[in-house]
Amino acid sequence: MDADPISLEVLRGRLDAIVQEMQVILLKSSYSTIVSELLDATSAMFDRRGQTIAQAVSIPIHLGVLAELGRRFAAKYPQGVAQSGDLYVVNDPYAGGTHLPDIAIAAPVFHQGQLIGYVATMCHHADVGGAAPGSVSAVGAYDHFAEGLRIPMIRIGVGGAMLQDVLSLITANSRTSFNMRADLQAQAAACGVGLQRLQLLFEEQGAHQVEAGMEWLLDYADRLTRQEIETIPDGRYSFTDYLDDDGSGPDAKPVPICVTMTVSGSTLHFDFTGTGAQVRTAINNVPYSVVSVVYFMVRTLVGETAPNNDGCYRGVTVQIPEGTILNPRFPAPVAARSASLRRVIDALYGVMALAIPEKMTGANCGQTSLIPIGMHDECGNFVVVSLGGPFVGGMGARADKDGIDCTDHDCSNAFSMPIEVSEAALPILFHRVELWTDSGGAGRSRGGLGYHLDAEWQRGEGLASLRRERQKFAPWGIRGGHPGPLCRTVLASAGQPPRPLTPKCQTTLEPGDHLLLWTTGSGGYGNPAERDVQRVLEDVLDGRVSDEAARSVYGVAIRAGRVDDAATRRLRAELPADINT
């Protein structure tokens with residue numbers, strides 16, 4: 001294409017603006033708090049071949065999934081099959097989806113009678129049926145058929161209008177059918193706006209100019225990504241992390257997540273051979289989700305310099321053996337996929353830290369506290385609302401910066417659920433949501449802190465589905481950084497001793513029950529004895545680090561709010577050499 005860089009950058013901006021506008025429409029129109037508050041949704045655009053041309057800044061975990069769905073939309077509904085005004089829907093995890101609550105809707109886009117691409121949205125619906133409210137229970141179903149409504153790729157709209165019979169069939173399977181219908185309509189509305197904006201772009205600049213520019217942007221993203229990959233030392237690197245267990249019972253064994261990364265010039269190959277076999281519970285993952293995590297890690301290398309399109313992944317290949325927890329055979333359940341997917345993220349951080357430690361962090365908190373609770377409200381309607389408070393714990397420490405406390409990070413990029421939203425929708429009262437002192441792994445750079453939460457159930461009966469992790473395997477540190485502490489989950493009922501809960505379970509909440517969570521922070525970076533003493537003092541004064549940890553771990557003596565320099569020199573001289581890696 002003979003075009004100047006400014007014109008191409010303007011085109012890139014126009015494409016990004018289209019998907020961002022779709023995203024805003026979707027988030028602002030949704031009825032479900034998991035979308036409107038947690039922002040668990042994504043919008044994207046594909047060319048006529050199904051290649052991702054642009055994707056909204058939203059949920060990175062959908063990167064590979066939407067890339068896969070784009071190709072499948074193009075294969076099933078190409079020129080001559082797709083019709084103007086069509087809408088397509090799919091959520092089948094074994095046909096390009098993630099898990100059943102994530103429903104994608106796409107629309108073909110035409111210019112002068114020719115198919116020029118597709119626009120699509122995907123959002124997490126509050127409930128799609130199945131054994132447990134929220135449809136994400138780790139232990140409530142032992143095959144995929146029990147997890148909820150499975151939708152193959154079908155038409156849900158014709159001639160610019162949604163097919164009401166199909167819409168009714170889908171929503172009839174949800175405990176929250178009103179919200180589900182409204183969210184599907186919000187997705188369709190976002191696609192409608194995206195369609196109009198893309199058509200306008202083609203009308204203004206011409207089909208040849210825009211399509212040539214799209215191809216150039218794909219090639220540009222490929223070049224930038226390969227240049228960054230070439231800075232990684234060639235070699236073969238392997239790393240293993242572990243899931244606590246599959247949640248199937250008290251004797252359940254840990255599940256290894258193994259990955260080998262091979263770097264050769266400008267290409268990366270990720271091989272998950274050695275990963276544990278598929279399990280009976282719903283923490284299995286379909287391969288498209290795993291590919292999404294790989295794509296996220298590759299995108300972090302280049303950052304926002306490269307356009308967010310499929311060109312970024314041309315030099316990346318992924319191998320996931322069939323029959324493993326990351327590529328199970330149908331009909332293995334996959335509803336609670338986030339439990340194992342978080343460990344995939346940590347394993348990828350670990351393997352890349354072996355090659356480029358200065359660009360990686362200590363392990364993040366590695367678990368999800370998104371706990372859906374279902375109950376009948378005072379009007380007899382069934383509601384499903386997620387427990388308020390932080391979604392995850394701390395972010396891993398970096399080479400030159402501390403980790404961030406209680407912020408969503410890596411692949412999900414969601415917001416915390418405000419406790420006020422939960423208290424308004426559920427009979428629940430939060431007594432405590434606070435940073436957990438000493439929950440960030442010690443290091444020259446300290447890991448981000450996790451949190452402690454105490455919520456009381458006040459009336460009626462609620463059913464909560466937990467899919468937590470890191471209660472047996474702590475988030476590791478890097479280059480001498482210490483791990484964070486283990487998570488804990490406790491149910492305290494009136495008149496009974498507190499009862500520890502397994503990380504993956506369903507539990508009934510009765511009036512007076514207190515659900516107590518201790519969610520870990522993350523791994524530290526570098527030897528704690530190398531941390532600046534004034535930063536240790538600030539952490540103690542802020543309540544992030546205890547006096548005891550300051551002395552015993554960091555070798556810093558603090559008296560009357562000041563550093564005792566002489567005592568600190570003695571303490572640091574006595575600290576053992578730190579060999580953690």
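Let me sum up the structure you'll find in this document. (Residues numbered from 1 in each chain as written. Predicted model: local features only at pLDDT ≥ 70, side-chain atom pairs only at ≥ 80, totals over all residues. Heavy atoms only, no water.)

Focus: the overall build of the protein
1) Next: Counting its regular elements, the protein contains twelve helices and 22 strands.
2) Next: Scaling as 2.2 N^0.38, a compact globule of 581 residues should have a C-alpha radius of gyration of about 25 Å, and the protein matches this with 24 Å.
3) Next: With the C-alpha coordinates aligned to their principal axes, the bounding extent of the protein is approximately 80 × 60 × 40 Å.
4) Next: Within the protein, buried positions represent 61% of all 581 residues.
5) Next: Sequence separation of 24 or more characterises 72% of the internal contacts of the protein that already satisfy a separation of 6 or more.
6) Next: When the accessible surface of the protein is split by element, carbon and sulfur atoms take 52% of a total near 21500 Å².
7) Next: Within the protein, the 65 negative side-chain charges are centred at a point lying 3 Å from the centre of the 48 positive side-chain charges. (Helix = DSSP H or I, 4+ residues; strand = E, 2+ residues; numbered from the N terminus. Rg over C-alpha atoms; globule rule 2.2 N^0.38 Å. Buried < 20%, exposed > 50% of the residue type's maximum accessible area, 1.4 Å probe, protein only. Contact = heavy atoms within 4.5 Å. Areas by Shrake-Rupley, 256 points an atom, 1.4 Å probe, with all protein chains shown as cover. Lys, Arg positive; Asp, Glu negative; His and termini not counted. Charge placed at Lys NZ, Arg CZ, Asp CG, Glu CD.)

Focus: empty space enclosed by the protein
1) Next: Taken as a whole and assessed by the stated rule, the structure comprises six cavities of 30 Å³ or more.
2) Next: Estimates place the volume of the largest cavity at around 240 Å³.
3) Next: Lining the largest cavity are 21 residues, and of these Asp 40, Arg 337, Ser 338, Phe 391 and Ser 412 sit closest to its centre.
4) Next: Partitioning the lining of the largest cavity into residue classes produces ten nonpolar, six polar and five charged.
5) Next: If you trace the second largest cavity, you find 13 residues lining it, with Ile 34, Ala 126, Pro 372, Val 384 and Ser 386 closest to the centre.
6) Next: Among the secondary structure elements, those contributing two or more residues to the lining of the second largest cavity are helix H2 (33–36) and strand S13 (382–386).
7) Next: Among the elements that make up the lining of the second largest cavity, the one with the highest residue count is S13 (three residues).
8) Next: Broken down by class, the residue content of the lining of the second largest cavity amounts to seven nonpolar, five polar and one charged. (1 Å grid on protein atoms, 1.4 Å probe; cavity = no way out; pocket = protein on both sides within 12 Å on 5 of 7 lines; lining within 4 Å. Points joined across faces, edges and corners; volume = space filled by probe spheres on them. Nonpolar A, V, L, I, M, F, W, Y, C, P; charged D, E, K, R; others polar.)

Focus on the packing of aromatic side chains
1) Next: Across all of its chains, the model carries nine aromatic pairs by this definition.
2) Next: Look at Tyr 77 and Tyr 88: their rings are 3.7 Å apart centre to centre, the planes differ by 5°, and that puts the pair in the stacked class. Taken as a pair, Tyr 77 in the loop between helix H3 (63–76) and strand S3 (87–90) and Tyr 88 in strand S3 lie far apart in primary sequence, eleven residues in all.
3) Next: Given the relative accessible area of 4%, Tyr 77 is considered buried.
4) Next: Grouping aromatic residues by their ring pairs yields a cluster made of Phe 73, Tyr 77 and Tyr 88. (Phe/Tyr/Trp six-rings, centres within 6.5 Å; stacked < 30°, edge-to-face > 60°.)

Some remarks on the sheet that holds strand S17 (residues 488–492)
1) Next: Here five strands make up an open sheet; going across it, the order is S14-S15-S20-S17-S18 and the pairing antiparallel. Each end of this open sheet is capped by a strand with a single partner; those strands are strand S14 (428–435) and strand S18 (499–500). (Pairing = 2+ DSSP bridges.)

So, the environment of Pro 475
1) Next: Structurally, Pro 475 is set in the loop between strand S16 (462–467) and S17.
2) Next: With 32 residues separating them along the chain, Pro 475 and Thr 507 place their C-alpha atoms 26 Å apart.
3) Next: Ignoring sequence-local partners within four residues, the contact set of Pro 475 consists of Ala 363, Asn 364, Arg 470, Pro 483, Gly 484, Pro 485, Thr 520, Gly 521, Ser 522 and Gly 523.

Quick notes on H3
1) Next: Between its terminal C-alpha atoms H3 stretches 20 Å, which fits the 20 Å expected from 14 residues at 1.5 Å a residue.
2) Next: Here H3 lies mainly inside the structure; ten of its 14 residues are buried. (Expected span 1.5 Å × (residues − 1).)

A word on the sheet that holds S16
1) Next: Taken in spatial order, the four strands line up as S13-S12-S16-S19 in an open sheet, and their pairing is antiparallel. Since the sheet does not close on itself, it has two edges, and those belong to S13 and strand S19 (504–509), each with one partner. For this sheet, the mean angle separating the axes of adjacent strands, direction not counted, is 20°. (Axes fitted to C-alpha atoms, helices over the stretch in contact; angles between N-to-C directions.)

As for the layout of surface pockets
1) Next: Of the voids in this model, the largest pocket is the one considered here, and its volume is about 930 Å³.
2) Next: Along its surface, the largest pocket is lined by 34 residues, and Pro 60, Phe 296, Arg 299, Thr 300 and Gly 303 are the ones closest to its centre.
3) Next: Listing elements by their share of the lining of the largest pocket, those giving two or more residues are helix H1 (5–29) and helix H7 (287–302).
4) Next: Element by element, the count of residues in the lining of the largest pocket is highest for H7, at four residues.
5) Next: Around the second largest pocket sit 15 residues that line it, and Thr 176, Asn 179, Phe 382, Val 383 and Val 384 are the ones nearest its centre.
6) Next: Looking at the lining of the second largest pocket, the elements that each hand over two or more residues are helix H5 (177–205) and S13.

What to know about the pattern of salt bridges
Should the charged atoms of two oppositely charged side chains come close, the side chains can pair.
1) Next: Applying the stated criterion across every chain, the model contains 40 salt bridges.
2) Next: Note that Asp 310 and Arg 71 form a salt bridge whose closest N and O atoms lie 3.9 Å from each other. A residue pair is termed long-range when its members are at least 10 positions apart, and Asp 310 in the loop between H7 and strand S11 (316–319) and Arg 71 in helix H3 qualify at 239 residues.
3) Next: By relative accessible area, which is 12% here, Asp 310 ends up buried. (Salt bridge = Lys/Arg side-chain N within 4 Å of Asp/Glu carboxyl O.)

Some words on the nonpolar core
1) Next: Judged by nonpolar contacts, the single largest core of 61 residues is most densely connected at Met 261, Phe 270, Phe 272, Val 344 and Leu 348.
2) Next: Secondary-structure elements contributing two or more residues to this core are helix H6 (207–229), strand S8 (235–243), strand S9 (255–264), strand S10 (267–271), H7 and helix H8 (338–355).
3) Next: Considering each element in turn, this core owes the most residues, eleven residues, to H8.
4) Next: Not counting residues within four places of it along the chain, the set of residues in contact with Phe 270 comprises Val 259, Thr 260, Met 261, Val 294, Val 316, Thr 317, Val 318, Gln 319 and Leu 348.
5) Next: Among the nonpolar cores identified, the runner-up in size contains 55 residues, and Met 45, Ala 54, Ala 414 and Val 421 belong to it. (Core = buried A, V, L, I, M, F, W, Y, C linked by side-chain atoms within 4.5 Å.)

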